[in-house]
Amino acid sequence: RFQVVIGSLLYLMLGSRPDICYAVTKLAQFAANPSQDHLNKALYICRYLVGTHSYALVFDGKSGLGLTACVDSDWASDPNDWCSQTGYFLKLANAIFSWQSRAQKSVALSSTEAEYMAVSDCSRQVVWIKALLEELTFDLRAVPICSDNQGSIFLSSNPVTERRTKHIDIRYHYIREVIAAKQVELFYIPGEDNPADMFTKNLGHIKFLKFRGMLGLEFYSA
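Residues numbered from 1 in each chain as written. Predicted model: local features only at pLDDT ≥ 70, side-chain atom pairs only at ≥ 80, totals over all residues. Heavy atoms only, no water.

Novice: Describe the sheet that holds strand β4 (residues 95–103), with residues and values.
Specialist: Strand order in the open sheet formed by 5 strands is β4-β3-β2-β5-β6, and the pairing between neighbours is mixed. Two strands close off the open sheet at either side, each with one partner strand: β4 and β6 (184–188). Direction aside, neighbouring strands of the sheet carry axes that sit 20° apart on average. Sheet strands in contact with helix α5 (residues 150–157) are β5 (143–147) and β6, and its direction is about 155° off that of β6. (Pairing = 2+ DSSP bridges. Helix = DSSP H or I, 4+ residues; strand = E, 2+ residues; numbered from the N terminus. Axes fitted to C-alpha atoms, helices over the stretch in contact; angles between N-to-C directions. Contact = heavy atoms within 4.5 Å.)

Novice: How would you summarise the nonpolar core if you had to cite specific residues and measurements?
Specialist: In terms of nonpolar packing, the biggest core is built from 28 residues, with L9, A42, I45, F89, I96, W99 and F199 touching the most fellow members. Every element with two or more residues in this core is listed here: α1 (2–15), α2 (21–28), α3 (36–51), β1 (55–57), β4 and α7 (205–212). Sorting elements by how many residues they give to this core places α1 first, with 5 residues. Residues within four places of W99 in sequence aside, it is in contact with M13, L14, G15, S16, R17, P18, C21, L57, Y88, F89 and F199. V71, A114, I153 and I175 belong to the second largest nonpolar core, which has 27 residues in total. (Core = buried A, V, L, I, M, F, W, Y, C linked by side-chain atoms within 4.5 Å. Buried < 20%, exposed > 50% of the residue type's maximum accessible area, 1.4 Å probe, protein only.)

Novice: Tell me what's going on with unusual backbone geometry, and back it up with residues and numbers.
Specialist: For A93, which is not glycine, the phi dihedral falls at a positive 55°. The topology assignment puts A93 in the loop between β3 (85–92) and β4. A positive phi angle, close to 70°, is found at N94, a residue other than glycine. Of note, N94 is situated in the loop between β3 and β4. Classification of N94 as partly exposed rests on a relative accessible area of 29%.

Novice: Before we move on, could you go through the environment of Q125 and cite the residues and values that matter?
Specialist: Position of Q125 among the secondary structure elements: in helix α4 (residues 111–135). The class of Q125 is partly exposed, set by a relative accessible area of 22%. A sequence separation of 56 residues divides Q125 from A69, and the C-alpha atoms of the two residues are 9.7 Å apart. With sequence-adjacent residues up to four places away left out, Q125 is seen in contact with Y88, L90 and S98.

Novice: Can you break down α1 residue by residue, with the values?
Specialist: The end-to-end C-alpha distance of α1 is 20 Å, a good match for the 20 Å that 14 residues give at a rise of 1.5 Å each. Among all positions in α1, only F2, V5, I6, L9 and M13 are buried. Looking down the long axis of α1, one finds its buried residues gathered within 95° of arc, a one-sided arrangement. Opposite its buried face, α1 presents the exposed residues Q3, V4, Y11, L14 and G15, each directed more than 90 degrees away. In this structure, the buried residues of α1 make contact with α2, α3 and β4. (Expected span 1.5 Å × (residues − 1). Arc of directions from axis to C-beta.)

Novice: An account of α2 is requested, with residue identities and associated values reported.
Specialist: Burial within α2 is extensive, with 6 of its 8 residues counted as buried. Three or more residues of α2 are buried, namely C21, Y22, V24, T25, K26 and L27. Residues of α2 that are buried sit in contact with α1, α3, β3 and β4.

Novice: Lay out the pairing of β3 with the relevant residues and their values.
Specialist: Among the 8 residues that make up β3, 7 are buried, leaving the element largely enclosed by the rest of the structure. Sheet topology places strand β2 (residues 68–74) next to β3; 7 bridges connect them, and they run antiparallel. The residue of β3 that forms the bridge with D72 is G87. Sheet topology note: the β3/β4 ladder contains 8 bridges and is antiparallel. Counterpart to Y88 in the pairing with β4 is Q100. Hairpin connection, β3 to β4: the antiparallel pair is bridged by 2 residues, and A93 has positive phi, about 55°.

Here's what the structure looks like:
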């Protein structure tokens, strides 16, 4: 029964409900050997969806807001899995249309390194979307990516090799190339104002509601 419920929740999460992204992806890790507690938590998400069934992603083409992205990571917070959690989303016309929440492939030795790896993952998706829009004749400048870690922004914008970064997998240095090519641009955003935080960890009620409203999710009646 747990696998049936999680399969249905994954379908909703991938299509139109980014607000349940983190919770569903974490529960999906236990699909092979779930407990009753896991099933209870999955059903709790179902009750949340019943209470918010009128929510929808509303795109405002008149907002004048172009393509932007936000990224965050949660450094080694799970004692059973030391890989950090990456979360990011892309936003267009005041609503998000692409989002991701997943564990990183390797262990990060610091929060700055975890953020650096998350920014690099986000930049690959941004470059792909930017190329797609340019094929559709949209002329885009460097796409802004917002991060709440000053250290990762410095490492991304300054292509130097030092003791703190020489062990990082080469593929994560891709972010330096796209910044040099002016395809993306990094900006700092305070952690308390970064909505990508809800894709990396469980949040309290107040913070969850605040960030959910920043995703473009609104009560919608046709």
